[in-house]
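Structure assessment
Next come the chains, spelled out residue by residue.
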Amino acid sequence: MTEDDQNQLKDLVGATNGTPAGVTTGDQWLSRYSHSLMGVFGTPQRVLVRGAGAVVWDADGREYLDLLGGIAVNALGHAHPFVTSVIASQLSTLGHVSNFFTSPTQIALAEKLLELVGAPTGSKVFFANSGTEANEAAFKLARSHGKKSGAHRTRILALEGAFHGRTMGALALTAKQAYREPFEPMPAGVEHLPFNDVAALRAAVDETVAAVILEPIQGEAGVRPLSDEYLRAARQVTRDAGALLILDEVQTGVGRTGTWFAGIDADAGSVADLPDAVTLAKGLGGGFPIGALMTIGQDVSGLLSAGQHGSTFGGNPVATAAALATLHVIESQHVLQNVVAVGEHLARGLAAVPGVVEVRAHGLLIGFDLTAPVAPDLVRRALDAGFILNAPGPATIRLAPPLILTTSQADSFLSALPALLADALQAHESTQGDPS
Ligand SMILES: *Cc1c(COP(=O)(O)O)cnc(C)c1O
């Protein structure tokens with residue numbers, strides 16, 4: 001953007017109507033927010049105005065190391081020069097066309113994703129705009145499979161702790177009662193099985209099951225991985241019973257864990273080991289909204305026929321260009337190697353911090369548990385100290401930083417954490433009365 005454009009945008013948002021200095025403060029923005037934005041997100045922690053790499057700045061000029069990456073979205077950090085320029089170039093050439101038409105970037109992205117999965121000929125991609133939409137498409141895929149392969153194949157199995165999104169179909173797959181109850185009745189047929197319990201899975205899957213949907217690692221539940229044994233068993237029992245195996249890699253996919261996908265080994269696995277469908281979103285567009293459902297093999301790919309599903313924005317030229325650019329940078333800049341190296345470095349460092357009891361590190365998707373339920377307080381203290389973290393549970397912290405995080409950025413957090421956590425634990429103890 002030219003300086004002129006930037007000033008015009010400032011006028012559009014009313015950024016210069018604030019203080020005499022012509023700067024709107026974070027508090028002023030939040031006051032406007034509270035009068036105009038629906039309260040579903042509570043009060044935002046900060047008003048962010050700018051980012052570069054793994055660093056963001058707020059409206060009051062403070063700097064933060066972004067260790068959450070927009071919840072595993074900003075794969076290449078903020079304002080990545082190549083991704084930004086590809087998006088701008090595509091938008092100034094052709095931005096949107098509707099799905100009565102296609103575009104080169106849409107086709108090339110579908111081909112690239114199928115190549116990365118190691119999908120056999122006949123495999124296909126449907127583009128959506130988010131993770132929940134990708135899972136809605138997967139839900140309809142499961143229903144369609146159930147209808148076509150027998151009148152009694154009506155059950156869809158998900159796991160306790162699962163998060164698959166917030167629209168009604170995806171919400172039915174999501175386990176958390178607090179998210180579901182206010183909006184019941186849910187679409188019928190979904191059951192939640194105990195997490196990582198192979199025996200329960202074997203007992204539940206029979207020819208009445210249309211599909212099993214799994215996150216290889218449950219991100220929202222605090223970074224809880226399924227065992228390899230469980231994933232193998234899931235592939236085997238669904239195949240034996242004629243049910244689909246759907247992997248939700250919305251959070252774990254696109255390099256987050258140091259491999260392209262957490263639940264698919266495209267090199268080692270034979271085609272028979274692949275899931276029947278995979279959903280992606282979050283990191284795929286490097287910050288630009290896009291989701292995808294991939295169907296593996298010809299039979300599954302034919303389940304949704306012309307007219308049975310759709311999307312106005314899905315697969316538009318800009319979103320697919322953004323994703324192509326993101327995948328290209330991850331591949332050509334050896335980003336996966338960085339994910340592995342910095343992830344291991346962070347994991348080792350975290351494990352040595354007093355007050356950290358368990359570290360579950362999968363590349364740069366990292367959960368760690370604390371000795372006391374101080375995670376929300378630690379998040380606040382870290383924010384004041386210039387680090388963006390997330391607390392998916394009362395005693396659990398999650399990190400999902402940009403995949404380009406450097407070792408020295410990781411170190412800056414590792415050296416600040418012990419004091420921040422000690423303070424949080426101390427504050428907690430003093431509210432617990434005599435620690436004795
Ligand atoms: C975030 C997430 C979703 C939902 O994605 P949205 O883009 O927020 O709709 C679905 N599944 C998993 C595993 C996720 O982490």
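Residues numbered from 1 in each chain as written. Predicted model: local features only at pLDDT ≥ 70, side-chain atom pairs only at ≥ 80, totals over all residues. Heavy atoms only, no water.

**Here we look at the site of the ligand**
Counted only if it meets this: We call a residue near a given molecule or strand whenever any one of its heavy atoms falls within 4 Å of it. Here a polar contact is recorded for every N or O atom pair within 3.5 Å, except that within protein the pair must consist of a potential hydrogen donor and a potential acceptor, and residues adjacent in sequence are included only if both atoms are side-chain atoms. Here the open area of atoms and residues is found with the Shrake-Rupley method and a 1.4 Å probe, where only the protein chains shown may cover a residue. Starting at the N terminus, helices and strands are each numbered in turn, a helix being any DSSP run of H or I of at least four residues and a strand any DSSP run of E of at least two. Residues are sorted three ways: Asp, Glu, Lys and Arg are charged, Ala, Val, Leu, Ile, Met, Phe, Trp, Tyr, Cys and Pro are nonpolar, and all the rest, Gly among them, are polar.
Neighbouring the ligand are Ser-130, Gly-131, Thr-132, Asn-135, Phe-163, His-164, Gly-165, Glu-215, Asp-248, Val-250, Gln-251 and Lys-282. Here an oxygen atom of the ligand sits 2.8 Å away from a polar atom, N or O, in the main chain of Thr-132. Gln-251 places a polar side-chain atom, nitrogen or oxygen, 2.7 Å from an oxygen atom of the ligand. Contact with the protein chains covers 82% of the free accessible surface of the ligand, which is 380 Å². Among the elements that line the shell around the ligand, the one with the most residues is helix 6 (residues 131–148), at three residues. Of the residues that constitute the shell around the ligand, the class distribution is two nonpolar, seven polar and three charged.

**A closer look at helix 6**
Formally: By definition here, a helix of n residues has an expected span of 1.5 Å times n minus one. Type-normalised accessible area, obtained with a 1.4 Å probe on protein chains alone, sets the label of each residue: buried when under 20%, exposed when over 50%, and partly exposed for intermediate values.
Compared with the 26 Å implied by 1.5 Å per residue over 18 residues, the 26 Å span of helix 6 between its first and last C-alpha is a close match. Inspection of helix 6 places Gly-131, Thr-132, Ala-134, Asn-135, Ala-137, Ala-138, Phe-139, Leu-141, Ala-142, Ser-144, His-145 and Gly-146 among the buried residues, and these make up the whole buried set. You can read the cap of helix 6 off the contacts: a side-chain oxygen lies 3.2 Å from the backbone nitrogen of Glu-133, and it is on Ser-130. One or two residues past the end of helix 6 sits Gly-150, with phi positive at roughly 140°.

**Concerning unusual backbone geometry**
The amide bond that connects Glu-184 to the next residue, Pro-185, takes the cis arrangement and shows omega of 10°. Residue position: Pro-185 is located in the loop between helix 8 (177–180) and strand 6 (190–193). The backbone of Ala-79 sits at a positive phi, close to 55°, despite the residue not being glycine. As for its position among the elements, Ala-79 is in the loop between helix 3 (69–72) and helix 4 (81–91). Using a relative accessible area of 54% as the deciding quantity, one classes Ala-79 as exposed. A positive phi angle, near 60°, is found at Asn-196, a position not held by glycine. As for its position among the elements, Asn-196 is in the loop between strand 6 and helix 9 (198–204).

**With respect to the domain arrangement of the protein**
What counts is decided by this rule: An automatic or database domain assignment supplies the start and end points of every domain. A contact between two residues is defined here by any heavy atoms of the two lying within 4.5 Å. A quick way to say it: buried area is the sum, across both parts, of accessible area lost when two parts are put together, with a 1.4 Å probe.
Once the domains are mapped, the protein shows domain 1 (1–44), domain 2 (60–74 + 334–432) and domain 3 (84–332). One C-alpha centre belongs to domain 2, the other to domain 3, and the line joining them spans 28 Å. Each side of the interface is counted separately: domain 2 has 22 residues, and domain 3 has 23 residues. Across the interface of domain 2 and domain 3, roughly 1900 Å² is buried in total on both sides, 61% from carbon and sulfur atoms. When the area that domain 2 buries against domain 3 is broken down by residue, the three leading residues are Leu-336, His-362 and Leu-365, summing to 31%.

**A closer look at the pattern of salt bridges**
Worth spelling out the cut-off: What makes a salt bridge here is a side-chain nitrogen of Lys or Arg within 4 Å of a carboxyl oxygen of Asp or Glu, nothing more.
Inspection of the entire model under this criterion finds 14 salt bridges. In this structure, Arg-360 engages Glu-358 in a salt bridge whose closest nitrogen and oxygen atoms are separated by 2.6 Å. Here Asp-377 and Arg-381 are joined by a salt bridge, their closest N and O atoms 2.8 Å apart. Placement of both Asp-377 and Arg-381 in helix 14 (residues 375–384) is noted, with a separation of four residues, approximately one turn of the helix. Put simply, Arg-46, Asp-58, Asp-60, Arg-62 and Asp-384 are held in one network by salt bridges that share partners.

**Focus on the sheet that holds strand 15 (residues 387–388)**
This is how it is decided: Pairing between two strands is assigned when DSSP locates at least 2 bridges connecting them.
Strand order in the open sheet formed by four strands is 1-2-3-15, with mixed pairing between adjacent strands. Unpaired on one side and paired on the other, strand 1 (48–52) and strand 15 mark the two borders of the sheet. Where strand 2 (residues 55–58) and strand 3 (residues 63–66) come together, three bridges link them in antiparallel fashion. The residue bridging Val-56 from the neighbouring strand is Tyr-64, located in strand 3.

**Structural notes on the nonpolar core**
Side chains that are nonpolar tend, in soluble globular proteins, to be buried together. This is how the line gets drawn: Here, nonpolar core refers to any group of buried Ala, Val, Leu, Ile, Met, Phe, Trp, Tyr and Cys residues whose side-chain atoms link them within 4.5 Å.
Leu-214, Leu-389 and Leu-399 are the most contacted members of the largest nonpolar core, which has 91 residues in total. With nine residues, helix 15 (residues 407–431) is the largest single contributor of residues to this core. Taken domain by domain, the makeup of this core includes at least three residues from each of domain 2 (60–74 + 334–432) and domain 3 (84–332). Ignoring anything within four residues of it in the chain, the contact list for Leu-389 reads Leu-67, Leu-68, Leu-378, Val-379, Ala-382, Ile-397, Arg-398, Leu-399 and Phe-413. Counting 21 residues, the second largest nonpolar core, distinct from the first, contains Ala-158, Met-186, Val-190 and Val-300.

**Some thoughts on a nonpolar patch on the surface**
Stated formally: For patch detection, residues must exceed 30% relative accessible area and be free of salt bridges, and they are connected within 9 Å for like charges or within 5 Å for nonpolar side chains (Val, Leu, Ile, Met, Phe, Trp, Tyr).
Among the surface-exposed residues, Met-1, Leu-9, Leu-12 and Val-13 lie close enough to one another that they form a single nonpolar patch of about 440 Å² accessible area. Relative to the elements of secondary structure, Leu-12 occurs in helix 1 (residues 3–13).

**Quick word on the sheet that holds strand 14 (residues 365–370)**
Definition in use: Inter-axis angles, ranging from 0 to 180 degrees, are taken between N-to-C directions of lines fitted to C-alpha atoms, where helices are fitted over the stretch in contact.
Taking strand neighbours across the sheet as the criterion, the four strands line up as 13-14-17-16 in an open arrangement whose pairing is antiparallel. Each edge of the open sheet is held by one strand with a lone partner, namely strand 13 (356–362) and strand 16 (390–393). Averaged over all pairs of adjacent strands, the angle between strand axes in this sheet comes to 25°, irrespective of strand direction. Where strand 16 meets strand 17 (residues 396–399), two bridges bridge the pair, whose relative direction is antiparallel. If you follow Asn-390 over to strand 17, its bridge partner there is Arg-398. Along the sheet face, helix 13 (residues 335–351) touches strand 13, strand 14 and strand 17 and points at about 175° away from the line of strand 13. The sheet contacts of helix 14 involve strand 14, strand 16 and strand 17, and relative to strand 16 the element is tilted by about 175°.

**A few points about the environment of Leu-365**
Assignment of secondary structure puts Leu-365 in strand 14. Distance in space between the C-alpha atoms of Leu-365 and Gln-251 is 8.8 Å, their sequence separation being 114 residues. Sequence-distant contacts of Leu-365, defined by excluding residues within four places in its chain, comprise Ile-217, Val-223, Gln-251, Thr-252, Arg-256, Arg-360, Arg-398, Leu-399 and Ala-400.

**Brief notes about the packing of aromatic side chains**
Selection criterion: Stacked, edge-to-face and tilted are the three classes for Phe, Tyr and Trp ring pairs, Trp counted by its six-membered ring, which pair at centre distances within 6.5 Å; planes under 30 degrees apart are stacked, over 60 edge-to-face, the rest tilted. In this analysis the charged atom, NZ for Lys or CZ for Arg, is taken to sit over a ring once it is within 6 Å of the ring centre and within 35 degrees of the ring normal.
On inspection of all chains with the given rule, the structure shows two aromatic pairs. Between the NZ or CZ atom of Arg-224 and the centre of the ring of Phe-195, over which it lies, the distance is 4.2 Å.

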